[in-house]
Amino acid sequence: MKMSMGRMGARWLGLAVGSVALAASGAADAELGQPAPWEFRLQEAASPVMENITWFHNFLTVLIFVITLFVLGLLVAVVVKFNAKANPVPSRTTHNTLIEVAWTLIPVLILVSIAVPSFRLLFLELDIPKADLTIKATGKQWYWSYAYPDNGKFEFDSLMAQDKQPRLLGVDNEMVVPVNKIVRVQTTGADVIHSFAVPAFGIKIDAIPGRLNETWFKATKTGMFYGQCSELCGKDHAFMPIAVRVVSDQEFASWVETAKKKFASAPDSTFASAAGAAQ
Ligand SMILES: [Cu+2]
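So, here's what we can say about the structure. (Residues numbered from 1 in each chain as written. Predicted model: local features only at pLDDT ≥ 70, side-chain atom pairs only at ≥ 80, totals over all residues.)

**Brief notes about the overall build of the protein chain**
Moving on, step 1. If you tally the helices and strands in the protein chain, you get 5 helices and 10 strands.
Moving on, step 2. Taking all 279 residues of the protein chain together, the buried fraction comes to 23%.
Moving on, step 3. At a minimum sequence separation of 6, the contacts of the protein chain that also span at least 24 residues come to 62%. (Helix = DSSP H or I, 4+ residues; strand = E, 2+ residues; numbered from the N terminus. Buried ≥ 20, exposed ≤ 12 C-beta atoms within 10 Å, placed from the backbone. Contact = placed C-beta atoms within 7 Å.)

**What to know about the sheet that holds strand β4 (residues 175-178)**
For sheets, the rule is that strands pair by backbone hydrogen bonds, running either parallel or antiparallel.
Moving on, step 1. Ordered in space as β4-β10-β9, the 3 strands form an open sheet in which the pairing is mixed. Both outer strands of the open sheet, β4 and β9 (223-228), are each paired with one neighbouring strand and no more. Sheet twist, expressed as the average angle between the axes of neighbouring strands with direction ignored, equals 25°.
Moving on, step 2. In this sheet, strand β10 (residues 241-247) lies alongside β4 in parallel orientation, the contact comprising 4 bridges. Within β10, the position partnered with Val177 by the bridge is Val246.
Moving on, step 3. Packing against the sheet, helix α4 (residues 249-262) makes contact with β4 and β10, and its axis sits at approximately 140° to β4. (Pairing = 2+ DSSP bridges. Axes fitted to C-alpha atoms, helices over the stretch in contact; angles between N-to-C directions.)

**Considerations on the sheet that holds strand β2 (residues 143-148)**
Moving on, step 1. Spatially, β3-β2-β1-β5-β8 is the arrangement adopted by the 5 strands of the open sheet, whose pairing is mixed. The outermost strands of the open sheet, each flanked by one partner alone, are β3 (154-158) and β8 (213-218). The sheet shows a mean angle of 25° between the axes of neighbouring strands, taken without regard to direction.
Moving on, step 2. Pairing of β2 with β3 involves 5 bridges; the strand directions are antiparallel. Within the sheet, the bridge partner assigned to Ser145 lies in β3 and is Asp157.

Set out below in structure tokens:
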């Protein structure tokens, strides 16, 4: 099939415009707490840490864009003004104090302007505030178990549910937390290394056998929030989603009551084995 350059150009342009439109529409009806088709931005933030991450990401993107345009401008100027034809007799200048000071100082200032918010964000993530609630998430091949040591010591398994939406993210038993409360998440692995990640909360932490890792989040919106195991952990790595339901304080209290009865400690639970070890 022969196509003129013009027609081919038009096709590429059409494809590009189509993709951008699709991406924009996909991003437009992105739902809170879950990925959307053609999404290319970060998920909408639902915790102070994620708001911070989003701000930092946007700040860096603008910075990179400006620097790239500046360097492109310099390159174009060199190519146009200083090629052999336009500039047959090159200058023999070897030093220019002002420019040398500028090209040392300005990059240093740019790096400092990145370092300050970067360290602030790191401390926000790592310095865990006093928690209202602790949940232990244990990664297993291939599902998660959630233990609630503060609320009557119950533990339950959370497996992907084939018949639930969103596809590959819905689970049988969701992890439930109260809104606007500081939740400390402790993670460990029962068999191999997994990773507990929920994009809307800005958390991702390895769940390692024999170790207890900690992170925290404060969900600022109610609703369903989804994440996935983010460490290759074997054949069903892609099928151990994390589903967090954020509810009001009252709803949380009544859920705890039902959950305590429904998930009355199984003999192999965290608490049973801890009690066994203590005897
Ligand atoms: Cu895993």
